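What follows is each chain in one-letter form.
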Amino acid sequence: MVYVTGFRCFKCGTHHLPQEIENKPIPRCSVCNSGLDAEYDYGSIRKSLLRDPFMRESPTHWKYWAFLPVRDLSHIITMGEGGTPLLESNSLTRDIGCGRMLVKYEAMNPTGSFKDRGSSLEITKAMEYGKKRVVLASTGNMGASVAAYAAFAGLDCIVFVPNIVGSAKIKQIKAYGADIRFVNGDYSHAMKEAENYVISHLDSFLTGDYPWRGEGTKTVGMEIADQLYWTVPDVVIAPVGNGTLIWGIFEAFRDMYAVGVIERKPAIFGVQVDACRPVVDAWEKGASEIIAVEDPQTVATAIACGDPIDGLGALRAVRETGGQGVSVSDGEVIQARDFLAENGIFVEPSGAVAYAGARRVKDGLDDKTVVCMATGHGLKDMYGIE
Ligand SMILES: *Cc1c(COP(=O)(O)O)cnc(C)c1O
């Protein structure tokens, strides 16, 4: 029933058994404190899954449960996340001049962003461990998403919020009844506060960019292949904040390839903004370390993560697939947001970052089938719209 075999450290490679990770307040490497990558028994998944019904069933988040670290399917907390549209637009295709341009419209999730995929798994795990409360740091969307799922499951929720978060997002978190604590500092400071809280309150479950969220997020990549009738696009373009989304997309294609449902993997492009581009810098320099940016300021608030937790994963996703690191200006982000909206696809500024990246790298996309991630709903942050 459960196919996860362990968690390996991104940085030092130490392998941890699932039970070693599950009982830790902060699920990180016990040797070097870095992020962790789940490993699965692909042989068993292959035996149990590769049947026609799986290939034909419509795509939704929990369709891919065999690739998620969950023990008991009867306790799943779901609000119908995933199964979001993959929109093909001729006008976008013409704008970029590629073969086909498709937009994965993650705004269609219950709280308006892809964060709901990770939240569904995290709250399921919190229930599995019998926790009373969930705690996290958030740039807004994750807070709203976890607050919604916690409320739905009957758990309390505390959100540590850095000073850059927009008021619409704060209101959404409040509406779900979460306890909001403002932090005088950036996202990294808020995260420290959340971690300190769970260390001193063991009935609390830490959510955020830790392994559960990464695993939950990868179903978006599985849906892309599924919605293309199990073919693989040439390029997938994703915004990079903490790097959890892009790493999840990489893992999705790796896992599907390992069990044989797809025959190749896409090149994965990661896009950041000029004011906060630690992963793009590392990619350009060929470096193996990410150098943090202090207190980044940008219109793309959902990706203003100066010290990205899954930055090494993001770097690996781009490097190992022959992708590219791209950075765009705030102005280009807003232009892309406006253009997408004029074509019926309304996203918040961070949700247009991938498309702005596609415009930047146009020339490399001739004849290619390209998927751009549109990560959050336009109604969440209408910056500059009068
Ligand atoms: C969280 C978020 C991102 C960035 O995702 P990471 O996993 O942090 O890289 C991008 N866009 C939106 C709308 C988000 O909510």
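Residues numbered from 1 in each chain as written. Predicted model: local features only at pLDDT ≥ 70, side-chain atom pairs only at ≥ 80, totals over all residues. Heavy atoms only, no water.

1. Here's the deal with the site of the ligand
Next up, step 1: Near the ligand, the surroundings consist of 16 residues, among which Lys-115, Asn-141, Gly-241, Asn-242 and Thr-375 are the closest.
Next up, step 2: Residue Asn-141 places a side-chain N or O atom 2.7 Å away from an oxygen atom belonging to the ligand.
Next up, step 3: Between an oxygen atom of the ligand and a main-chain N or O atom of Leu-245, the distance comes to 2.8 Å.
Next up, step 4: Here the ligand, which alone exposes 380 Å², has 98% of that area covered by the protein.
Next up, step 5: Among the residues forming the shell around the ligand, the class breakdown is six nonpolar, eight polar and two charged. (Near = heavy atom within 4 Å. Polar contact = N/O pair within 3.5 Å; in protein donor to acceptor, adjacent residues only side chain to side chain. Areas by Shrake-Rupley, 256 points an atom, 1.4 Å probe, with all protein chains shown as cover. Nonpolar A, V, L, I, M, F, W, Y, C, P; charged D, E, K, R; others polar.)

2. A few points about the nonpolar core
Next up, step 1: Core analysis: the biggest nonpolar cluster contains 94 residues, and Ile-45, Ile-123, Val-134, Cys-157, Ile-249, Phe-253 and Met-256 have the highest contact counts within it.
Next up, step 2: Top element by residues in this core is helix 11 (residues 244–259). It accounts for nine residues.
Next up, step 3: Grouped together as the second largest cluster of nonpolar side chains are 37 residues, Val-273, Val-328, Ala-336 and Leu-340 included. (Core = buried A, V, L, I, M, F, W, Y, C linked by side-chain atoms within 4.5 Å. Buried < 20%, exposed > 50% of the residue type's maximum accessible area, 1.4 Å probe, protein only. Helix = DSSP H or I, 4+ residues; strand = E, 2+ residues; numbered from the N terminus.)

3. A look at the packing of helix 14 (residues 330–342) against helix 15 (residues 353–361)
Next up, step 1: In contact at an axis separation of 8 Å, helix 14 and helix 15 are set at 105 degrees when each is read in the N-to-C sense. The orientation of helix 14 with respect to helix 15, classified from their angle, is roughly perpendicular. The segment helix 14 lies against helix 15, with Glu-332, Val-333, Gln-335, Ala-336, Phe-339 and Leu-340 engaging Val-353, Tyr-355, Ala-356, Arg-359 and Arg-360.
Next up, step 2: Within the contact of helix 14 with helix 15, the residues separate by chemical class into seven nonpolar, one polar and three charged. (Axes fitted to C-alpha atoms, helices over the stretch in contact; angles between N-to-C directions. Parallel < 35°, antiparallel > 145°, perpendicular 65-115°, else oblique. Contact = heavy atoms within 4.5 Å.)

4. Observations regarding the pattern of salt bridges
Next up, step 1: All told, the structure shown has 27 salt bridges when counted by the stated rule.
Next up, step 2: Residue Lys-125 is joined to Glu-128 by a salt bridge in which the shortest nitrogen-to-oxygen separation is 2.8 Å. In this pair, Lys-125 and Glu-128 are both assigned in helix 5 (residues 115–128), three residues apart and thus about one turn of the helix distant.
Next up, step 3: By relative accessible area, which is 0% here, Lys-125 ends up buried.
Next up, step 4: One salt-bridge network, held together by shared partners, links Asp-37, Glu-215, Lys-218, Glu-251, Arg-254 and Asp-255. (Salt bridge = Lys/Arg side-chain N within 4 Å of Asp/Glu carboxyl O.)

5. Here's the deal with unusual backbone geometry
Next up, step 1: In the Ramachandran plot, Asn-33 falls in the positive-phi region, its phi being about 70 degrees despite a non-glycine side chain.
Next up, step 2: In this structure, Asn-33 sits in the loop between helix 1 (18–22) and strand 3 (36–40).
Next up, step 3: In this structure, Tyr-229 takes a positive phi of about 55 degrees despite not being glycine.
Next up, step 4: In this structure, Tyr-229 sits in the loop between helix 10 (219–227) and strand 10 (235–239).
Next up, step 5: With a relative accessible area of 74%, Tyr-229 lands in the exposed category.

6. Thoughts on the state of the cysteines
Next up, step 1: The full count for this structure, using the stated rule, is zero disulfides.
Next up, step 2: Cys-12 forms no disulfide, and the closest cysteine sulfur to it belongs to Cys-29, at a distance of 3.7 Å.
Next up, step 3: A residue is classified by how much of its surface remains accessible, and Cys-12, at 38% relative accessible area, is partly exposed.
Next up, step 4: Residue Cys-372 stays outside any disulfide, its sulfur separated by 8.3 Å from that of Cys-98, the closest cysteine. (Disulfide = S-S within 2.5 Å.)

7. What about the side chain of Glu-22?
Next up, step 1: Relative to the helices and strands, Glu-22 is located in helix 1.
Next up, step 2: The class of Glu-22 is buried, set by a relative accessible area of 12%.
Next up, step 3: Engagement of the side chain of Glu-22 in a polar contact is seen with the side chain of Arg-71, the distance being 3.3 Å.
Next up, step 4: Within polar-contact distance, the side chain of Glu-22 engages the side chain of Tyr-129 at 3.5 Å.
Next up, step 5: Other than its neighbours up to four places away in sequence, Glu-22 contacts Arg-71, Lys-125, Tyr-129 and Trp-212.

Honestly, it's all geometry; don't read function into it.
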